[in-house]
Amino acid sequence: MKDKIKVELRNLTKTFVTNKNDQVRAVDNVNLTINPGEFVCLLGPSGCGKTTTLRMLAGFEIPTSGEIFIGDRNVANLTPDKRDTAMVFQNYALFPHLNVYDNIAYGLKLQKLPKAEIRERVDKILKLMKMEDFALRVPSEMSGGQQQRVSLARALIMESGVLLFDEPLSNLDAKLRIHMRDEIRKIQKQVGISSIYVTHDQEEAMGLSDKIVIMRDGTIQQVGSPREIYQKPVNEFVAQFIGRANILEGTIVADNKDRVSLDIHGVVYETERTTGHGAGDRVKFMIRPESFLIGGKDFTAPVTKSVFMGSHHEYEVELFGKIFEISENNPMRKVTIDVGENLSFSMDPNSIHILEQ
Ligand code: ATP
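Residues numbered from 1 in each chain as written. Predicted model: local features only at pLDDT ≥ 70, side-chain atom pairs only at ≥ 80, totals over all residues. Heavy atoms only, no water.

As for the overall build of the protein
Tallying secondary structure elements over the protein gives eight helices and 19 strands in all. Counting only C-alpha atoms, the protein reaches 75 × 50 × 45 Å along its principal axes. In the protein, which comprises 357 residues, the share counted as buried stands at 48%. Residue pairs in contact within the protein that sit at least 24 positions apart in sequence constitute 66% of those at least 6 positions apart. Summed over its atoms, the accessible surface of the protein is roughly 17,500 Å², and 49% of this surface lies on carbon and sulfur atoms. (Helix = DSSP H or I, 4+ residues; strand = E, 2+ residues; numbered from the N terminus. Buried < 20%, exposed > 50% of the residue type's maximum accessible area, 1.4 Å probe, protein only. Contact = heavy atoms within 4.5 Å. Areas by Shrake-Rupley, 256 points an atom, 1.4 Å probe, with all protein chains shown as cover.)

Listed below in structure tokens is the structure:
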């Protein structure tokens, strides 16, 4: 196995010029470090610049400015074949007339490696992917999930330092996506290859990543572990983009170094300090639907939506002119509250997260 490799993007910018001579800044001064062996997902809404960033890493686009270090080499201006990267594509990109064995062996044959070595490496990868029984099938004889496994095997066999994924699971159905996601994660950890994965599916990013990068309009909004991004988003955009979030307002009535007291419509909660705000400041904060304490006495409001979802029950209540999303993880609870009835609840102070802006 090769040494794990660090990847660094430094002041990376890509400006496209359209047919009508308009300039589109697809990636805007991005700085990012992918530590050796790390799995990093680029996540964000359509058009935020994730694919362009990945394509610059692969060498399919040349940056307008900035540097891309793979190990200690700046590869920003090199062609794809001169970089230590391999890519797994959304549409599998397998050769339809070649069987699984030959698809996987293709890159090694181009390198003119001895036949015996090719056989040994392909056999090893087939075993790793648990695909020994598929070696002689052609792509049309396999399911989408199986084809994507071949495509992953074909990238892994090159033993590159960096693996790039361009939404590889988006053509698969929901159940298979989860299965493949777990498989990719397991194999990536086993092989230890530094990986960068583009997706707009937040659950996929949560399930795969050591680190998630949230992008918007070509810029990075936040980099953090799935837990940090979910529980401590830096701003409203990140809070809304990952999971469901209630964004509410309160006034800080007291603060010290680590804690603040927040007045929310006459109820005061003490919570962790996450911003530079102080006493007297009006602030926005986030609380997730699952962080309300149903049955608590602090607030009472009429229910406007009440839906049993199996693993949890979803409520919406109207209070202070806002809709609060509240979810209860208790499917066996006897009492559910119907639309029009009142729901009483409190907030879990430790789950109140004050936002920067
Ligand atoms: P999606 O999830 O829809 O694939 P994305 O986050 O991957 O979106 P990019 O494909 O990187 O976004 O595009 C970023 C921006 O750059 C978009 O505004 C897009 O229209 C623009 N763009 C991308 N490629 C070109 C091009 N060849 N010429 C002009 N503009 C481009």
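With respect to the pattern of salt bridges
Following the criterion strictly, the structure yields 24 salt bridges and no others. Note that D255 and R273 form a salt bridge whose closest N and O atoms lie 2.6 Å from each other. With a gap of 18 residues between them, D255 in strand β11 (residues 246–255) and R273 in the loop between β13 (267–272) and β14 (282–287) connect regions that are remote in the sequence. A salt bridge links K257 to D258, with the nearest nitrogen and oxygen atoms 3.8 Å apart. Salt bridges sharing partners connect three or more residues here, namely R244, K305, E314, E316 and E325. (Salt bridge = Lys/Arg side-chain N within 4 Å of Asp/Glu carboxyl O.)

Overview of the nonpolar core
Core analysis: the largest hydrophobic core is formed by 45 residues, its most contacted members being I104 and I214. Excluding residues that lie within four positions of it along the chain, I214 makes contacts with L43, T219, I220, Q221, Q222, I229, F237, V238, F241 and I242. V7, I70, V213 and M215 belong to the second largest nonpolar core, which has 27 residues in total. (Core = buried A, V, L, I, M, F, W, Y, C linked by side-chain atoms within 4.5 Å.)

A closer look at the domain arrangement of the protein
Partitioning the protein into structural domains gives domain 1 (7–239) and domain 2 (244–354). Taking the mean C-alpha position of each, domain 1 and domain 2 sit 38 Å from one another. With seven residues of domain 1 at the interface, the matching set in domain 2 holds eight residues. When the buried area of domain 1 at its contact with domain 2 is split by residue, Y230, E236 and A239 rank highest and sum to 66% of it. Taken together, domain 1 and domain 2 are joined by two salt bridges. Across the pair E236 and K284 runs a salt bridge, and its minimum N-O distance is 2.9 Å. Where domain 1 meets domain 2, there are six residue pairs in polar contact (both at pLDDT 80 or more). Going through the elements one at a time, α7 (226–231) and α8 (236–241) are the ones with two or more residues in the side of domain 1 that touches domain 2. It is α7 that contributes the most residues to the side of domain 1 that touches domain 2, three residues altogether. Here the residues of the side of domain 1 that touches domain 2 are counted per class, giving four nonpolar, one polar and two charged. (Domains from an automatic or database assignment. Buried area = accessible area lost by both parts, 1.4 Å probe. Polar contact = N/O pair within 3.5 Å; in protein donor to acceptor, adjacent residues only side chain to side chain. Nonpolar A, V, L, I, M, F, W, Y, C, P; charged D, E, K, R; others polar.)

Considering helix α5 (residues 174–191)
The end-to-end C-alpha separation of α5 is 26 Å, in line with the 26 Å expected for 18 residues at 1.5 Å each. Those residues of α5 that are buried lie in contact with β3 (39–43), α3 (115–128), α4 (144–156), β7 (162–166), β8 (194–199) and α6 (202–208). A positive phi of about 75° marks G192, the residue just after α5. (Expected span 1.5 Å × (residues − 1).)

Focus: the packing of aromatic side chains
Under the definition given, this model contains 11 aromatic pairs. Residues F237 and F241 carry aromatic rings whose centres are separated by 5.9 Å and whose planes lie at 15° to one another, so their mutual orientation is stacked. With F237 and F241 both in helix α8 and four residues apart, the pair spans about one turn of that helix. Judged by its relative accessible area of 18%, F237 is buried. These aromatic residues form a ring-pair network of at least three members: F292, F299, F320, F324 and F345. Sitting above the plane of the F69 ring, R10 keeps its charged end 4.0 Å from the centroid. (Phe/Tyr/Trp six-rings, centres within 6.5 Å; stacked < 30°, edge-to-face > 60°. Lys NZ or Arg CZ within 6 Å of the ring centre and 35° of its normal.)

A closer look at the packing of helix α2 (residues 100–110) against α4
Two elements in contact, α2 and α4, have axes separated by 8 Å at closest approach and are oriented at 30°. Compared by their axis directions, α2 and α4 come out roughly parallel. The two elements α2 and α4 cross, and the hand of that crossing is right-handed. Within the contact between the two elements, α2 uses V100, N103 and I104 and α4 uses V150, A153 and R154. Along the lines of polarity and charge, the residues of the contact of α2 with α4 split into four nonpolar, one polar and one charged. (Axes fitted to C-alpha atoms, helices over the stretch in contact; angles between N-to-C directions. Parallel < 35°, antiparallel > 145°, perpendicular 65-115°, else oblique. Left-handed = near helix turned anticlockwise from the far one by under 90°.)

Topic: α2
Those residues of α2 that fall on the buried side of the exposure criterion are V100, Y101, N103, I104, A105, G107 and L108. Those residues of α2 that are buried are in contact with α3 and α4. Once α2 finishes, K112 follows within two positions and takes phi at roughly 55°, a positive value.

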